[in-house]
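Reading the structure
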Amino acid sequence: MPSSALWAVDLFGRVHTLSTAGQYWELCRDTQLEFRRVSAATQCCWGIACDNQVYVYVCSSDVPIRRREEAYENQRWNPVSGFCDTLLLSDRCPWSDVSGLQHRPLDGVALPSPHWEWESDWYVDENFGGEPTEKGGWTYAIDFPATYTRDKKWNSCVRRRKWIRYRRYKSRDSWAKIPSKEDPKQLPDPFNDLSVGGWEVTEEPVGHLSVWAVSLQGKVWYREDVSHPNPEGSSWSLVDAPEEVAQISCGPYDLLWATLWEGQALVREGINRNNPKGSSWSIVEPPTSENGIMHVSVGVGVVWAVTKDRKVWFRRGVNSHNPCGTSWVEMVGEMLMVNVGLNDQVWGIGCEDRAMYFRQGVTPSELSGKTWKAIVAGRECDQSHCGSSSSLLSAGCFFGDEVRSSGDSAPSDTDASLEVEKPGPALPLLAESLDNPRNPKGSSAAGPGTGRTAEGAMGNACPAQGRGEAAQASGPDKCPGPASTPAELPWTNIDLKEPRKAPSHSAAGIPETTGLSSLGLLPLGLEEHCGVDDQPLWAWVSGGGCAVEACSVLKWFTVQPGLSPSVQTLSLSITPAQTAAWRKQIFQQLTERTKRELENFRHYEQAVEQSVWVKTGALQWWCDWKPHKWVDVRVALEQFTGHDGARDSILFIYYVVHEEKKYIHVFLNEVTVLVPGLNEAKHSFALYTPERTRQRWPVHLAATTEQDLNDWLALLSLSCCESRKVHGRPSPQAIWSITCKGDIFVSEPSPDLEAHEHLLPCDQMFWRQMGGHLRLVEANSRGVVWGIGYDNTAWVYTGGYGGGCFQGLASSTSNIYTQSDVKCVYIYENQRWNPVTGYTSRGLPTDRYMWSDATGLQECTKAGTKPPSLQWTWVSDWSVDFSVPGGTDQEGWQYASDFPASYHGYKTMKDFVRRRCWARKCKLVTTGPWLEVAPITLGDVSIIPEMPDSSRSGHSIALWAVSDKGDVLCRLGVSELNPAGSSWLHIGTDQPFASVSIGACYQVWAVARDGSAFYRGSVSPSQPAGDCWYHIPPPPKQRLKQVSVGQTSVYALDENGNLWYRQGITPSYPQGSSWEHVSNNVRRVSVGPLDQVWVIADKVQGSHSLSRGTVCHRTGVQPREPQGQGWDYGIGGGWDHISVRASATRAPWSASQEEEPSAPQEAHGPVCC
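The structure reproduced in this document is the subject of the present report. (Residues numbered from 1 in each chain as written. Predicted model: local features only at pLDDT ≥ 70, side-chain atom pairs only at ≥ 80, totals over all residues. Heavy atoms only, no water.)

**What about the overall build of the chain?**
Tallying secondary structure elements over the chain gives 10 helices and 71 strands in all. Among the 1169 residues that make up the chain, the fraction classed as buried is 53%. Accessible surface, the chain: about 53500 Å² in total, of which carbon and sulfur atoms supply 52%. (Helix = DSSP H or I, 4+ residues; strand = E, 2+ residues; numbered from the N terminus. Buried < 20%, exposed > 50% of the residue type's maximum accessible area, 1.4 Å probe, protein only. Areas by Shrake-Rupley, 256 points an atom, 1.4 Å probe, with all protein chains shown as cover.)

Following this line, the structure appears as structure tokens:
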């Protein structure tokens, strides 16, 4: 899980952030501004400063925020001067927008605020519908408005061309003031509260945000047009409310609650994609009539509230269909405010100690959580104080208290942890007993309102006194100083009311403590002082951008425990170089001792154990005969060890047919792959051999439970690897592939795979499964492997193996991490029109199911549709998907003349049927050798293919990618030691892209979303970004969707499954000349460093069955015939992706090839650029 940030404001108005991967609060850069409240999202944070102005903080990213401005130049033809800007009175303006209704001259387009800057000057867009226009970029039509074409005809009386200019948002990692262009009469008073949410309402990649605000007069305001490309929005609009509003909270989806001054709550209803401001209000009564609601916070499906008596309440029964909920439940603890963040996690600020608390135990099944736990993370300056203290101790070895007192340095984290664990009686505790009625009841951990020990008081009252002396003190007289009593402290601008305290009893063993700093007794002028014992006093917290999973391990609650200060200080003085030398010395001594001990036993023969091991169990088998069905069978795995020490195994399957016992057996050294099945109701897997691969009929087995399936898969996979002597991590030149289920497989390439003679059939390749879950994977022969999940999250290979169901000997003990993935399941609602009732769910007898999949052949209802397999769990409800190709109307419907046909997003007189797509998210959590590369999500990735003996081994590895928004990126700093790289370099484009590929000679090709191809010029190790894009028209009447570049070959795949080869590519003309059709029925293509071509075929007919998604190898590929001659069918079906870009294993040359003197040297391999 990547790190995200928790935002908070202290009593002095300073904004801090706390990373989920860190344990220190970091102060925001703009320290001149003081804030009252903040509301965070994933990539930004909105706030109200003490000057009553609204600010937005946009986090930095390697991908810039760019906004394209467009203007159209319009001309009409006349017989005298031809095309000119002299138009008719009824025509549009010479310079206009795309509709022609708004006058838009180039010099009249201004920047919306000072936070933007122009990226370039105006230029003409010469791309029209994926194909280049004639010089000048003009498109022609009969009249305004009409259908434009890029070809001039005899009746073309008007023409226009599009001018483009990009502006870039420059105020990142800083607070940017929101410009106020509104009439002051409409905004009579400043804002009192604001809330950010709604990014999950529209399901669009533009990053829409809903920003709500409340003014001091109790009016509700909404910020229009806030999105990722426009982080400031455009204007404020007033939303009518029945009464005066005091505070407001907006969730990620459609929940919006507000509090009234009278103590009631308002709930906004009718919020959806087409109406993000909602339609009406509903009133919810407070939990008790005596104390109204003071503060409210909402999440995805939860509502938390704080009443005026500081009690915390949880609202039951809240969801999208019932945003008001059903009833209130009182929670333990007393809070000033609470905030619900991502994944419905909850934070709060204690009402007495002003400490920050985190609600533990919040899960999808238990949204209210279990207990409050204080966040004891220090501030960023504490780390520097701690470091200086440790270095002093290191320098003086063990000077102890003498060094500390003479330097008057702040205590270290170690000392703080020791005092937290062992609070001493150095100062009298102003405490009450546990019978205090304000103490939380029924909580196993110390909650808000409880006091702290004297740790903080010692840190403030006796800063110069050593820890040893403080620990030995027996009473208040042992700690002299003017700060011994609260009455002697200077006055400050903070409320000096003494809070009630109680001893802390934490179930986790970490008591929540409070010192004098929590009383607000900091002297004037010392607010900036940072000490380990000084916990900040908080005024506001926002977790809208903080992603905490239920299983996450946070460092917020502990300091470094275990070792004594002297031992920890000593460990800090040992450098990594000394540690490495020490480890090397120990290893050498152990090696020498082993040699001495084994020297006397060399004349003995090696002992070989000959044994037989058997595992049996009960499974189900998909029988080979008709009618095919699942039958109960007994299976036995017999593993034996031969005289030579080699292990082999046989799997027996015993079944009964017609009351006769029979069996089939499979030698595991013949098994080529074990594949978990994609079955909604069965824990199944498939077992392939070369013969059954050719038949397209594997052995299907199913277990009763998921644990049994994992046990059998791990055992059989380990036995297959032992039979073939394949162990450890894959080689750098391995071939990677992914099934349609997301399972990852690797195969070690044989030199005979690419041999011109005695070609090894690819159905004999052995594939073994790796842990993890991905949608696509790309590899490099130097061991760098990247993958992308279904949720577009980027992952990098760590070098381990196993994970998931593979544990013990089948998995490495390190480099295995938790991995999650999210995907959407889609179903379609179909309707037909009749003259009486209009569109209805009653169709003709020949129609498709009224609830079906995309093809209409299978019935799929909301209630009957399950996740893809039993490993997935639902994480959302069904919602209309508005992002389907072809567009939709406001309700998500697509119209057509009949089923099936071409769908469009508007209704015409000839449309008698319609459909709309429903989507639901599900989530899978597993483990594997993968680490997430944050924070940019990707749609495609490509790594340069290299030869093992390449001279570029010292250079960084070129890696290009396309983000899910269509931005082209180049990763910098990628190497064998740092496969994740360091940062992204954004490559400017005029339109969103879909696919990218880099060849062995740094030739970069890409495919735009409009189906056209592009070539990036002048890419080299010294110029990794190149200089410009060259537009390449696609094949006639085709739209490309993927491109793959090898050593010299360029292959592309269109949306209809046709595979194309780019002809005429030479070093002097790398764009090539034309496209040549190679094959159809292709789903994915991968071209390797030897120009070898592998694809995923859509349909392959076997002797027994038809398989979809089959690995295929192009045969006969030679330098003089790069298109190849035929196909060799391998493993399948159910495969979705393959990458051979790391496979650079050359085949040995035969004697006949070596005896040809006339053959040029470059004919033996791919021609280098």
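Having seen it, we continue.
**Points about the pairing of strand β65 (residues 1059-1063)**
For β65, the buried fraction is high: four of the five residues fall into the buried class. As defined by bridge partners, strand β64 (residues 1050-1054) adjoins β65 across three bridges and the pair is classed as antiparallel. Bridge pairing links Ala1052 to Trp1060 in β65. Here β64 hands over to β65 after four residues, with Gly1057 in that stretch at a positive phi of 85°. (Pairing = 2+ DSSP bridges.)

**Overview of the nonpolar core**
If you look at the biggest cluster of nonpolar residues, it comprises 36 residues, and the most contacted ones within it are Trp786, Leu938, Trp960, Trp984, Phe993 and Trp1029. Where this core is concerned, the elements lending two or more residues are β45 (785-788), β46 (794-797), β55 (938-943), β56 (959-963), β57 (968-972), β58 (983-987), β59 (993-998) and β60 (1004-1008). A per-element tally of this core places β56 first, with four residues. Dropping the residues within four chain positions of it, Leu938 is found in contact with Arg775, Trp786, Ile788, Asn792, Ala794, Ala961, Val962, Ser963, Asp964, Leu969 and Trp984. (Core = buried A, V, L, I, M, F, W, Y, C linked by side-chain atoms within 4.5 Å. Contact = heavy atoms within 4.5 Å.)

**Here we look at helix α9 (residues 706-724)**
Between its terminal C-alpha atoms α9 stretches 27 Å, which fits the 27 Å expected from 19 residues at 1.5 Å a residue. One or two positions beyond α9, positive phi appears at Lys725, with a value near 55°. (Expected span 1.5 Å × (residues − 1).)

**Some points on the sheet that holds strand β62 (residues 1028-1032)**
Pairing within the open sheet is antiparallel, and its four strands lie in the order β59-β60-β61-β62. The sheet is open, and its two edges are formed by β59 and β62, each paired on a single side. Each neighbouring strand pair of the sheet contributes to a mean axis angle of 25°, computed without reference to strand direction. Two strands pair when backbone bridges link them, and β59 and β60 are joined in this way by five bridges, in the antiparallel orientation. Of the residues in β60, the one forming a bridge with Ser995 is Val1007. (Axes fitted to C-alpha atoms, helices over the stretch in contact; angles between N-to-C directions.)

**Concerning the packing of aromatic side chains**
Under the defined criterion, the tally for this structure stands at 42 aromatic pairs. Their ring planes at 75° and their centres at 5.8 Å tell us that Phe35 and Tyr55 sit as a pair that is edge-to-face. On the criterion of sequence distance, the pair formed by Phe35 in strand β4 (residues 35-40) and Tyr55 in strand β6 (residues 54-58) is long-range, its members being 20 residues apart. In this structure Phe35 comes out as buried when scored by relative accessible area, which is 3%. The class for Tyr55 is buried, based on a relative accessible area of 8%. Members of the aromatic cluster, each reached through a chain of ring pairs, are Trp7, Phe35, Tyr55, Tyr57 and Trp175. Across the ring face of Tyr148, the terminal group of Arg160 is positioned such that the distance to the ring centre comes to 4.0 Å. (Phe/Tyr/Trp six-rings, centres within 6.5 Å; stacked < 30°, edge-to-face > 60°. Lys NZ or Arg CZ within 6 Å of the ring centre and 35° of its normal.)

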